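A structural walkthrough
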Amino acid sequence: MEIFHNFPLWASLISILFAQFVKVPIQFIATRELNWSLITSTGGMPSSHSAAVTALSTGVAIESGVSSPVFAVAAMFAIITMFDATGVRRQAGEQAIVLNRLMGDFQKFMTDAKGWQNKPDLEKRKELKELLGHKPIEVFFGGITGIVLTLLIHFFMFQ
């Protein structure tokens, strides 16, 4: 099966897994809290999206060359993905923070309402996900992660 010999695909997948896993120790160093849920969450340092798309682009560049149309597609895909991670998704996360604060204020008001205390906790508070996008530095290090890992994988496994 040729898919098992697709270097850009494997470099991209390994970069995603590495970037997701390394979020746990980075967060632990920063906050002294061990949070294993970061492995499956969006956002955080480094950006696994950026790691994946830069690994894909780097793998395609190694396999096909930077003048190939496939590299052009992979590079544009990477640029759009990384721009989106710092733009639209980041702003959605900022809006979620504001909405969660508004919901908290509203809940304080509602605690005096009749029967509010008898409702299940899930009905009382449904928070929006705030960690959707990335800060530019997270995207930058995600991109560096993807490039460096791809070059290391190629050097050690495909030479």
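Residues numbered from 1 in each chain as written. Predicted model: local features only at pLDDT ≥ 70, side-chain atom pairs only at ≥ 80, totals over all residues. Heavy atoms only, no water.

1. Details of the overall build of the protein
A tally of helices and strands in the protein yields six helices and zero strands. Shown N-terminal to C-terminal, the secondary structure of the protein runs as helices and strands in the order α-α-α-α-α-α. Within the protein, the fraction of its 159 residues that count as buried is 33%. (Helix = DSSP H or I, 4+ residues; strand = E, 2+ residues; numbered from the N terminus. Buried < 20%, exposed > 50% of the residue type's maximum accessible area, 1.4 Å probe, protein only.)

2. Digging into the packing of aromatic side chains
With the rule as written, the count across this model stands at four aromatic pairs. Seen in terms of ring centroids, Phe21 and Trp36 are 6.5 Å apart; in terms of plane orientation they differ by 40°. Their pairing is tilted. Here the residue Phe21 occupies a position in helix H1 (residues 7-31), and Trp36 occupies one in the loop between H1 and helix H2 (48-64), the gap between them amounting to 15 residues. Residue class for Trp36 comes out partly exposed when judged on its relative accessible area of 49%. With 5.0 Å between their ring centres and 85° between their planes, Phe155 and Phe156 make a pair best called edge-to-face. Take Phe155: its relative accessible area is 54%, and that puts it in the exposed class. The class of Phe156 is exposed, set by a relative accessible area of 62%. (Phe/Tyr/Trp six-rings, centres within 6.5 Å; stacked < 30°, edge-to-face > 60°.)

3. Section: the confidence of the model for the protein
Summing up the model confidence of the protein, the mean pLDDT is 82 and the portion of residues at 70 or higher is 82%. Here helix H5 (residues 121-124) stands out as the element of the protein with the lowest mean pLDDT, 58, in contrast to H2, whose mean of 94 is the highest. (pLDDT = per-residue confidence, 0-100.)

4. Some details on a nonpolar patch on the surface
On the surface, Ile137, Phe140, Phe141, Ile144, Val148, Leu152, Phe155, Phe156, Met157 and Phe158 cluster together into a nonpolar patch covering about 1,000 Å² of accessible area. Ile137 gets classed as partly exposed once you look at its relative accessible area, which sits at 44%. (Patch = residues over 30% accessible without salt bridge, like charges linked within 9 Å, V, L, I, M, F, W, Y side chains within 5 Å. Areas by Shrake-Rupley, 256 points an atom, 1.4 Å probe, with all protein chains shown as cover. Salt bridge = Lys/Arg side-chain N within 4 Å of Asp/Glu carboxyl O.)

5. Quick word on the environment of Met45
Examined against the element boundaries, Met45 turns out to sit in the loop between H1 and H2. Distance from Met45 to Gly142, taken between C-alpha atoms, is 7.4 Å for residues 97 residues apart in sequence. Every residue in contact with Met45, bar those within four places of it in the chain, is listed here: Lys23, Ile26, Ile137, Glu138 and Phe141. (Contact = heavy atoms within 4.5 Å.)

6. So, the environment of Thr58
Considering the arrangement of structural elements, one finds Thr58 in helix H2. Assessed through its relative accessible area of 13%, Thr58 is described here as buried. For the pair formed by Thr58 and Thr150, sequence separation is 92 residues and the distance between their alpha carbons is 6.7 Å. When neighbours within four sequence positions are excluded, Thr58 is seen to be in contact with Ile147, Thr150 and Leu151.

7. As for H1
For H1, with 25 residues, the first-to-last C-alpha span of 36 Å sits near the 36 Å given by 1.5 Å per residue. A maximum bend of about 25° is found in H1 at Lys23, where proline Pro25 lies one to four positions downstream. When we look at burial in H1, the residues that qualify are Phe7, Pro8, Ala11, Ser12, Ser15, Ala19, Gln20, Val22, Lys23 and Val24. Two or three places before Leu9, at the start of H1, stands the capping residue Asn6, its side-chain oxygen 3.2 Å from that residue's backbone nitrogen. (Expected span 1.5 Å × (residues − 1). Bend = angle between axes of the 7 residues up to and from the residue. Polar contact = N/O pair within 3.5 Å; in protein donor to acceptor, adjacent residues only side chain to side chain.)

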